[in-house]
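Examination of the molecular architecture
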Amino acid sequence: MAVRSPLYYNAGNLQEMSTAMVDEIVDQIVYQYSLNPSVALSVVGSSGSLASMNDTRLQAGAASTSATAFPSEATTAEPSVVTVTYDKITETRTTVTPTSDTGKLWPAYYNASGNIQAMNLQDVKDTFLHPAIDLLAAGTLTTQQAGTYHINSSTTVSGSAEVSGSNTAVFVNTEADTSLYTAGGIGETLDQPKTVTSFYLHKITGSDTSYTLPISIDASNNLQSFPEATFESLFQEWIRYTAVSSTDGYSLSYNVGTSGSGNTRGTGMADTRLNGSGNYQTRFVNTDDYRAQEFPNGTSTTINTYYLRINKS
Amino acid sequence: MAVKNIAVTDTLETFRTTFNDLAANDFGDIANLSGSISSTNLVDAMNETISIATSTAGWTIIDSTSTSQIIGGGDTLTVLGTSNEIEAVVSATDTLTIGLPDAVSVTTSITAPTVSTGNLSLTNGSITDSSGAISFGNENLSTTGTLNAGAITGTSITGSGSTHTLGTIQISGNTISSTDSSRININDTFRANAFETQFGNLIIDELLGTDATYYPRIRSIRGDKVVVFDASPVFNSTIAFEGSSADDFETLLTVVNPTADRSISIPNESGTIITTGSADAVTESMIAPDAIGQNELKSLVTLQILNSSGTVLKTLYGAGA
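Starting from 1, residues in each chain are numbered consecutively following that chain's sequence as written. For this description, chains carry letters from A and ligands carry numbers from 1, given in the order in which they are written. For this predicted model, a pLDDT threshold of at least 70 governs which residues receive local features, and a threshold of 80 or more governs which side-chain atom pairs are given and counted, while totals over whole chains, interfaces and linings are taken from all residues.

1. A look at the overall build of chain B
Note the cut-off: For helices the rule is a DSSP run of H or I covering at least 4 residues; for strands it is a run of E covering at least 2, with both sets numbered from the N terminus onward. Every C-beta atom is placed from the backbone, and the number of other C-beta atoms within 10 Å of a residue's own sets its class: buried at 20 or more, exposed at 12 or fewer, partly exposed in between. Two residues qualify as being in contact provided that their C-beta atoms, derived from the backbone, are within 7 Å of each other.
Helices and strands together make up the secondary structure of chain B, namely two helices and 17 strands. Taking all 321 residues of chain B together, 1% fall into the buried category. Across chain B, the fraction of contacts at a sequence separation of at least 24, relative to all contacts at a separation of at least 6, is 2%.

Structure below.
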């Protein structure tokens, strides 16, 4: 672990950056990542690459009919569970080939011998890239996680953009709409759900934060402040590469499930369901038509809560 | 004298020449006849002479002015001298001696090829003395001509007129010059109170110092004090600059004894010479580009620029605290 303090040009002098200044660069790297995330999620119709989620709800049992008397509760079919699977989130990982270090690629720092030395890749990882990944992989939802995703039950979230672009929910929690079931309507449609909550995938929008450009060693072995475009392009390449291809524990990935690795992102997607054993109702149509049916009932109970998680590994 | 004879057969020319010779050499020229003789032909003259000789025992005396006087027989001839000039002495039996007195006084002049007195001889253009020396006592000698001498010695040699020449050295007033050259050579030490150049712009003299000793001095009396050295002066080891004030303080320019030929060039530029005593004097423009090396820096510190592998890319040198 070799966290360096890059040098920067300060009114004619070279000065080591403070921790806060390094943090500003890390924030800028996060912003660069947000401009073109290499680990991207998208909303698809089906067969998403992430794990699927099940929305379950009760539906009424089938109605029973008798010409002589009302079917008993025991003989009337119990409400059953309807399961709808949501498999709408796909992760796309973009392969990146970043610029190789030729010895003078990275910012320069003041080494222990009192000389100015270009950082090596490990220095850059320890100082910039891995802290940026740490931020990206955090469970919070700020601009320091720009370019990463979270779940929200609203289609609009300040500081984020709905991914599908058409307010397509990635998970909808439904329950039986008990108000729709009436004894007079026995012979009711079995599955009469209502949407309790829809969940949407959002991407956090980046913020182009200010920062101080560090010193680098140019082709003539002179010192110069990094050209801004060069610096940002270089670090965008490398944060994207790291997020996809890190072999030392800093690649990003997403998963969905009731459990999993990483930090949860956004709202948990609860699958709730009424927990009643059935609301036995009868209907006298005529002397030759006695009906009975069990409607969904009970209180809403969480069956599962799914989370989108971001994981570094 | 032979008898002249003209033969019958002789020619008229022979006659003419013989006759002329007879007239000129045998008879003589009548013009040469004594003035005491009045006759105009040879026979009459001879007769007149016989007459005189036989009539008296007298004779004639004539002086240098052709004044003559006949001394007749029985007459006395008195011979007198002139005091301090000539004297006449009659002595037996019939001798008259004409001579000079011991002290001769000549009123006008005396002429002789050579005049000698003692060892001294005066002859044409020459006064000599066999003793090898002629003394003029304390008399003044003057000549309007030229005095040529092997050597002239004396307590004082004074000339008159505007120009005097000794050999080819000419003295005119207070000016000495050469008559055959533009240069006078002095083959010995020449000392003067001061030496000045043609127009007096350069003076070499000695300056009496406050320590009562004399200091050699070369000075220019030009307003700008310029002395042009079209030469390569060689000094010993030190040049002293008095400065604007003649006092006890001088700036010495001294060279360490060179052990080989050295060359120090003064550049073609204006400026002030920097010394080890100068402080805060060397300016940026005085230092040539690419001229300062790491060894010239005080308390050298280095700053290396390394690549990411630790290889030195560049080393920066600076002066330390």
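And the narrative resumes.
2. Remarks on the overall build of chain A
Regarding its fold elements, chain A presents three helices and 21 strands. Looking at chain A as a whole, 40% of its 313 residues are labelled buried. A separation of at least 24 residues holds for 79% of the contacts in chain A among residues at least 6 apart in sequence.

3. Quick notes on the confidence of the model for chain B
As a general rule, the predicted coordinates of low-pLDDT regions are not to be interpreted in detail. Residue and element names in this part refer to chain B. Our working definition: Values of pLDDT, which run from 0 to 100, indicate the predictor's confidence residue by residue.
In the predicted model, chain B carries a mean pLDDT of 85, and 95% of its residues have values of at least 70. For chain B, the element scoring lowest by mean pLDDT is strand 1 (residues 59-62), at 74; strand 12 (residues 202-208) scores highest, at 94. Reported confidence for the predicted complex is 0.77 by ipTM and 0.61 by pTM.

4. Examining the nonpolar core
Where a protein is soluble and globular, its nonpolar side chains tend to be buried together. Using the following cut-off: Connectivity within a nonpolar core runs through C-beta atoms within 7 Å, and the core itself is a set of buried Ala, Val, Leu, Ile, Met, Phe, Trp, Tyr and Cys residues.
Ranked by size, the top nonpolar core spans 62 residues in total, and within it I29, V30 and A132 of chain A carry the most contacts. Not counting chain neighbours up to four residues away, the residues in contact with A132 of chain A comprise V26, I29, V30, Y33 and I239 of chain A.

5. Considerations on the interface of chain A and chain B
As a reminder, the rule being used: When residues are sorted by character, Ala, Val, Leu, Ile, Met, Phe, Trp, Tyr, Cys and Pro go into the nonpolar class, Asp, Glu, Lys and Arg into the charged class, and all the rest, Gly among them, into the polar class. Following DSSP output, two strands are said to pair if at least two bridges run between them.
Every contact between the two is made by 13 residues of chain A and, on the other side, 11 residues of chain B. If one sorts the elements of the side of chain A that touches chain B by residue count, strand 9 (residues 116-118) of chain A sits on top with three residues. Here the residues of the side of chain A that touches chain B are counted per class, giving six nonpolar, five polar and two charged. Relative to strand 16 (residues 301-306) of chain B, strand 9 of chain A runs parallel, the two sharing two bridges. Within strand 16 of chain B, the position partnered with Q117 of chain A by the bridge is L306 of chain B.

6. Description of the packing of helix 1 (residues 19-35) of chain A against helix 2 (residues 121-136) of chain A
Residue and element names in this part refer to chain A. What counts, and what does not: Axis angles are defined between N-to-C directions and span 0 to 180 degrees, where every axis is a line fitted to C-alpha atoms and, for a helix, only to the segment in contact. Handedness of a helix crossing follows the sense of rotation of the near helix relative to the far helix, less than a right angle counterclockwise being left-handed and clockwise being right-handed.
Remark: helix 1 packs on helix 2, axes separated minimally by 9 Å, with the N-to-C direction vectors making an angle of 65 degrees. In this structure, the crossing between helix 1 and helix 2 has a hand that is right-handed. Of the residues in helix 2, those in contact with V22, I25, V26, I29, V30 and Y33 of helix 1 are T127, F128, P131, A132, L135 and L136. Of the residues contributing to the contact of helix 1 with helix 2, the split by class is 11 nonpolar, one polar and no charged.

7. What about the sheet that holds strand 19 (residues 279-286) of chain A?
Residues and elements named next belong to chain A. On the basis of which strands lie adjacent, the open sheet formed by three strands has the order 5-20-19 and antiparallel pairing. Each having just a single partner strand, strand 5 (64-66) and strand 19 make up the two edges of the open sheet. Strand-to-strand twist in this sheet, taken as the mean axis angle between neighbours without regard to direction, amounts to 20 degrees. Bridge count for strand 5 against strand 20 (residues 289-295) is three bridges, and the pairing is antiparallel. Within strand 20, the position partnered with T65 by the bridge is R291.

8. Points about the sheet that holds strand 7 (residues 126-129) of chain B
All names here are of chain B. The three strands are arranged 5-6-7 in an open sheet whose pairing can be described as antiparallel. Strands at the two margins of the open sheet, each flanked by one partner only, are strand 5 (114-117) and strand 7. Strand-to-strand twist across the sheet, computed as the mean angle between neighbouring axes with direction ignored, equals 15 degrees. As paired strands, strand 5 and strand 6 (residues 120-123) are joined by four bridges and run antiparallel to one another. Pairing of T114 across the sheet is with T123, part of strand 6.

9. A look at the environment of T49 of chain B
Relative to the helices and strands, T49 of chain B is located in helix 2 (residues 42-55). The exposure class of T49 of chain B is partly exposed, given the 15 C-beta atoms found within 10 Å.

10. Thoughts on helix 2 of chain A
Residue and element names in this part refer to chain A. Going by this rule: One less than the residue count of a helix, multiplied by 1.5 Å, gives the span that helix is expected to have. Each residue is assigned a bend, namely the angle between axes fitted to the seven residues that terminate at it and the seven residues that start at it.
Here helix 2 spans only 20 Å end to end across 16 residues, well under the 22 Å set by a 1.5 Å rise per residue. The largest bend in helix 2 comes to about 35 degrees, at L129, with the proline P131 one to four residues further on. Counting buried residues along helix 2, 12 of its 16 residues qualify, which places the element largely inside the surrounding structure. Along helix 2, the residues classified as buried are D123, V124, K125, T127, F128, L129, H130, P131, A132, I133, L135 and L136. In the core, the buried residues of helix 2 are packed alongside helix 1, helix 3 (228-245), strand 16 (252-257) and strand 21 (300-312).

11. With respect to the pairing of strand 13 (residues 193-204) of chain A
Residues and elements named next belong to chain A. Alignment of strand 10 (residues 149-152) against strand 13, held across four bridges, turns out to be antiparallel. Paired with H150 across the two strands is H202, which belongs to strand 13. When strand 11 (residues 160-162) meets strand 13, the two strands line up antiparallel, connected through three bridges. Considered in strand 13, the bridge of E162 is made with H202.

12. Observations concerning helix 1 of chain A
Residue and element names in this part refer to chain A. In a regular helix each residue adds 1.5 Å, so 17 residues correspond to 24 Å; helix 1 covers 25 Å between its end C-alpha atoms and thus fits that length. Looking at helix 1, one finds that the buried residues are V22, I25, V26, D27, Q28, I29, V30, Y31, Q32, Y33 and S34. The inward-facing, buried residues of helix 1 abut helix 2 and helix 3.

13. Comments concerning the packing of helix 1 of chain A against helix 3 of chain A
Residue and element names in this part refer to chain A. Which entries qualify depends on this criterion: Comment on the angle field: the value is read as roughly parallel under 35 degrees, roughly antiparallel over 145, roughly perpendicular from 65 to 115, and oblique elsewhere.
Where helix 1 contacts helix 3, the two axes come as close as 9 Å, and the packing angle between them is 75 degrees. Put simply, helix 1 runs roughly perpendicular to helix 3. Judged by residue contacts, I29, Q32, Y33 and L35 of helix 1 engage E232, F235, Q236, I239, R240 and A243 from helix 3. Its residues assigned to classes, the contact of helix 1 with helix 3 shows six nonpolar, two polar and two charged.

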